[in-house]
Amino acid sequence: MEEGKPSQTALMVAMLRARHFLHEPEPKILRDSLAGLLGGAPEPEQVTRYLEQIKGAFTALSDANTAVRFVSQLEHSVCIRARLVEEELAKAKERGATQFVVLGAGLDSTAYREQDLLSGLEVFEVDHPDSQRWKRDCLKNGGVDIPDNVTFVPFDFENTTLKAALSLGGVDSSKITVFSWLGVQMYLTDEAVRGTLAVMAGFAPGSSLIMDFVSPSYETATSEQKSSVDDLREIVAGMREPFLSEYLPKELAQRFDDAGFSSSEFPTIGEFADQYLNGNLNRLEMHPKAKYLAIARI
Ligand SMILES: C[S@@+](CC[C@H](N)C(=O)[O-])C[C@H]1O[C@@H](n2cnc3c(N)ncnc32)[C@H](O)[C@@H]1O
């Protein structure tokens, strides 16, 4: 990340959620009504303009048609992962969860638009202080209050101890907790990923983690077809947020075991198409067997 600036990848994924909310036909996967505001783009044209630039960056690495497909894949994948967290929160409340910790929260807006879902939960948004500053400013400019159950915990995954930061922020490891860790693993070293998983695994039984991960592209691309990950890797490096680790699902499953999680699941894109899009896999334009999300249980 560039010092003093919000995460550029956090901006990009917020804009993708904003486009989905504004223009995706029903059934929408996610309804992130605050994504544009938090991305600094309260007007729909600003979202369109921003995404034209992102499409241009993809086009420069491939061609216009591929760029459209890759940006659409990215949009759907960021919406699916956020939806999965919403569903896990509802289930976890029934198991007695009382904390929701959003690690690398970026411009995630769950806390500001899903207040019924989050009632009875303490919410901790853990992120780099530069990204948090931007988010607070956008919320203020948009007249959105920070709910009483939300606490901002400033943190740098590479330079601070997560355990210390969480306890300083008021997070209690004896409480059943849902961790959301979306769009962060790939920007961290393997050491930081292992350290973070070890801290989460020390939380109360019944706690869970939803995270996405980047796999080396050979996992789902055929030899003649490159994957969006190949171009995304270059684009985010240009945003000075390079990928620092990539895992095959079995490698990540091993990390969960090593950290002390009791189980993990890796749902496929095909399963999400069935659940969220009435089986309309074409809308996702992704390989039905692709796996990029994990649910790990403590
Ligand atoms: C792609 S964004 C994802 C944001 C959010 N979770 C979402 O899904 O919209 C990546 C996030 O990771 C955070 N991040 C990356 N490296 C970090 C580090 N070393 N310490 C703290 N946060 C970091 C950034 O601040 C940013 O908010």
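In what follows, the structure referred to is the one given above.
Residues numbered from 1 in each chain as written. Predicted model: local features only at pLDDT ≥ 70, side-chain atom pairs only at ≥ 80, totals over all residues.

1. Structural notes on the overall build of the protein
Link 1 in the chain: Within the protein one finds eleven helices and seven strands.
Link 2 in the chain: Compactness check: the protein gives a C-alpha radius of gyration of 18 Å against a globular reference of 19 Å for 298 residues, within 12% of the reference.
Link 3 in the chain: Taken along the three principal axes of its C-alpha coordinates, the protein extends 50 × 45 × 40 Å.
Link 4 in the chain: For the protein, buried positions account for 43% of its 298 residues.
Link 5 in the chain: Considering only intrachain contacts with a sequence separation of at least 6, the fraction spanning at least 24 residues in the protein is 74%. (Helix = DSSP H or I, 4+ residues; strand = E, 2+ residues; numbered from the N terminus. Rg over C-alpha atoms; globule rule 2.2 N^0.38 Å. Buried ≥ 20, exposed ≤ 12 C-beta atoms within 10 Å, placed from the backbone. Contact = placed C-beta atoms within 7 Å.)

2. Focus on the packing of helix α3 (residues 44-61) against helix α9 (residues 228-238)
Link 1 in the chain: For the pair α3 and α9, interaxial distance at closest approach is 10 Å and the crossing angle is 120°. On the basis of the axis angle, α3 is oblique to α9. Both α3 and α9 take part in a crossing whose hand is right-handed. Residue-level contacts link Ala57, Phe58 and Leu61 of α3 to Asp231, Glu234 and Ile235 of α9.
Link 2 in the chain: Of the residues in the contact of α3 with α9, the class split is four nonpolar, no polar and two charged. (Axes fitted to C-alpha atoms, helices over the stretch in contact; angles between N-to-C directions. Parallel < 35°, antiparallel > 145°, perpendicular 65-115°, else oblique. Left-handed = near helix turned anticlockwise from the far one by under 90°. Nonpolar A, V, L, I, M, F, W, Y, C, P; charged D, E, K, R; others polar.)

3. So, the nonpolar core
Link 1 in the chain: Ranked by size, the top nonpolar core spans 88 residues in total, and within it Ala14, Met15, Phe100, Val101 and Val126 carry the most contacts.
Link 2 in the chain: Looking at this core element by element, the count peaks at twelve residues for helix α4 (residues 64-94).
Link 3 in the chain: The contacts of Val126, once residues within four sequence positions are left out, are Val101, Val102, Leu103, Ala105, Val153, Phe155 and Ala165. (Core = buried A, V, L, I, M, F, W, Y, C linked by C-beta atoms within 7 Å.)

4. Comments concerning the sheet that holds strand β7 (residues 293-297)
Link 1 in the chain: With mixed pairing, seven strands are arranged side by side in an open sheet as β3-β2-β1-β4-β5-β7-β6. Lying at the two open borders of the sheet, with one neighbouring strand each, are β3 (150-154) and β6 (263-265). Adjacent strand axes in the sheet meet at a mean angle of 15° when their direction is disregarded.
Link 2 in the chain: Two strands pair when backbone bridges link them, and β6 and β7 are joined in this way by three bridges, in the antiparallel orientation. Paired with Ser263 across the two strands is Arg297, which belongs to β7.
Link 3 in the chain: Against the sheet, helix α7 (residues 162-169) touches β2 (122-127) and β3, its axis set at about 145° to β3. (Pairing = 2+ DSSP bridges.)

5. As for helix α11 (residues 269-276)
Link 1 in the chain: Among all positions of α11, only Ile269, Phe272, Ala273 and Tyr276 are buried. Seen from one end, α11 has its buried residues packed into an arc of 100°, which puts them on one side.
Link 2 in the chain: Tucked into the core, α11 has its buried residues touching α4.
Link 3 in the chain: Asn278 lies just past α11 and shows a positive phi near 50°. (Arc of directions from axis to C-beta.)

6. Describing the site of the ligand
Link 1 in the chain: Close to the ligand lie 21 residues, the nearest being Ser7, Thr9, Gly104, Gly106 and Gly183.
Link 2 in the chain: Per-element tally for the shell around the ligand: the top contributor is helix α1 (residues 8-23), with three residues.
Link 3 in the chain: A class-by-class count of the residues in the shell around the ligand yields ten nonpolar, seven polar and four charged. (Near = placed C-beta within 6 Å.)

7. A word on the pairing of β7
In summary, the side chains of a regular strand alternate between the two faces of the sheet.
Link 1 in the chain: Both strand β5 (residues 208-212) and β7 contribute to a ladder of five bridges, which runs antiparallel. Its bridge partner lying in β7, Met211 is registered against Ala294.

8. Comments concerning unusual backbone geometry
Link 1 in the chain: Pro27 follows Glu26 through a cis peptide bond whose omega is -5°.
Link 2 in the chain: Structurally, Pro27 can be placed in the loop between α1 and α2 (35-38).
Link 3 in the chain: Even without glycine at this site, Glu285 takes up a positive phi of about 50°.
Link 4 in the chain: Relative to the helices and strands, Glu285 is located in the loop between α11 and β7.

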